[in-house]
Amino acid sequence: MKQHLICIDLDGTLLNNDKIISGRTMKTIEAAREAGHIVAIATGRPYRVSRQFYQQLGLDTPIVNMNGALVHHPQQPNWDHLHSPLPKNVAYDIVDTCYDVGVQNVLAEVMDQVYIEFKNDHDITKFFQAGTESPAIFGNMKQNLASDPSSVLIHPYDDRIDAIRNTLTERHASIVDHRKWGAPFHVIEVIRSDLHKAVGVQKIAKEYDIPQERIIAFGDEDNDFEMIDYAGIGVAMDNGIDELKSMANEITHTNHDDGVARFLEMYLGLPETVLTK
């Protein structure tokens, strides 16, 4: 079979409900790489909290982080990376929007530096500080944030998710895009307009000279729309949202039932020794 590019979301897709890569999925991805296929991660997470899975899989490919706001090669610092931050004055306006509607917390990231408005959101703050060498900067973001942020992340109250997203659209539609994470937290991520995972997937495909029809992409949430639509073989997880499943070429098993592995084994015709494990 000709070489394919396999692009995989992390939370709700590659990672099972225990937030790990299952043994079967590890073996299947290893078999796919040994067969000559290219595997890349495409995630909303920043690199520091996706690095462990990149390393666990033994990847040597570029990675799409922050839903396309950062596309880079962890092993090649001089690779032609893509970093498209938000203007900081827009980030300030988003903070004001959050105060107007009411949220649990607001965070911003400048590459791997994290800014956090409130300290009392313990699980969120712990997650986003993981892997960073610089301590998070807490407090008033409009005073502390001096650089254009890679992304702004909003932790809304559950009953105000739609209100926040509607207000972002009304006030900032020409400047930003916003997407909701389904896992590990219900977070709204705000990035520069016209950025999404498909931007990174297209860049990686060009790097390896792989045509669109030989791109396999896996996802589960609304931040995977463009990637699934762009890929020649867009695969939605069975645990994914209905809107994504309706637009995907294929639907595989859930993230907790080795959906990525099962589809790759079938589609790429991997050895039966892998299929039985």
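Heads up: these notes are all about the structure in this document. All of these numbers come straight from a predicted model, not from anything done at the bench. Residue indices follow the written sequence of each chain, beginning from 1 at its first position. Reporting of local features is limited, given that this is a predicted model, to residues whose pLDDT is at least 70; pairs of side-chain atoms are given and counted only at 80 or more, and all residues count toward the totals for whole chains, interfaces and linings. Each side-chain value is worked out from all heavy atoms of the structure, with water and hydrogens disregarded.

### A short note on the packing of aromatic side chains
Within a pair of aromatic rings, the relevant descriptors are the distance that separates the centres and the angle that separates the planes. Using the following cut-off: Under the pairing criterion, centres of Phe, Tyr and Trp rings, with the six-membered ring standing for Trp, must be within 6.5 Å; the plane angle then separates stacked pairs below 30 degrees from edge-to-face pairs above 60, leaving the rest tilted. Our definition puts a charge over a ring when NZ of Lys or CZ of Arg is within 6 Å of the ring centre and also within 35 degrees of the ring normal.
By the definition in use, this model includes four aromatic pairs. The structure contains a cluster of three or more aromatic residues connected by ring pairs, namely Phe218, Phe263 and Tyr267. Over the face of the ring belonging to Phe138 we find Lys119, whose NZ or CZ atom lies 5.3 Å from the ring centre. In this structure, Lys203 is placed above the aromatic ring of Trp79, and the distance from its NZ or CZ to the ring centre is 5.0 Å.

### Notes on the pairing of strand β9 (residues 151-156)
The condition is simple: Each residue's exposure class comes from its accessible area (1.4 Å probe, protein chains only) as a fraction of the maximum for that residue type: buried when under 20%, exposed when over 50%, partly exposed otherwise. Only DSSP runs of H or I reaching four residues or more are called helices, and only runs of E reaching two or more are called strands; each is numbered from the N terminus. Here a strand pair is declared whenever DSSP counts at least two bridges between the two strands.
Of all six residues making up β9, six are buried, and the element is well covered by its neighbours. Along β9, one buried face is formed by Ser151, Leu153 and His155 and the opposite face, lined by Val152, Ile154 and Pro156, is buried too. Relative to β9, strand β6 (residues 103-110) is paired through six bridges, and the arrangement is antiparallel. Paired with Val103 across the strands is Pro156, a residue of β9. Note: β9 against strand β11 (residues 188-192), three bridges, orientation antiparallel. Each bridged residue has a counterpart across the sheet, and for Ile154 the counterpart in β11 is Ile188.

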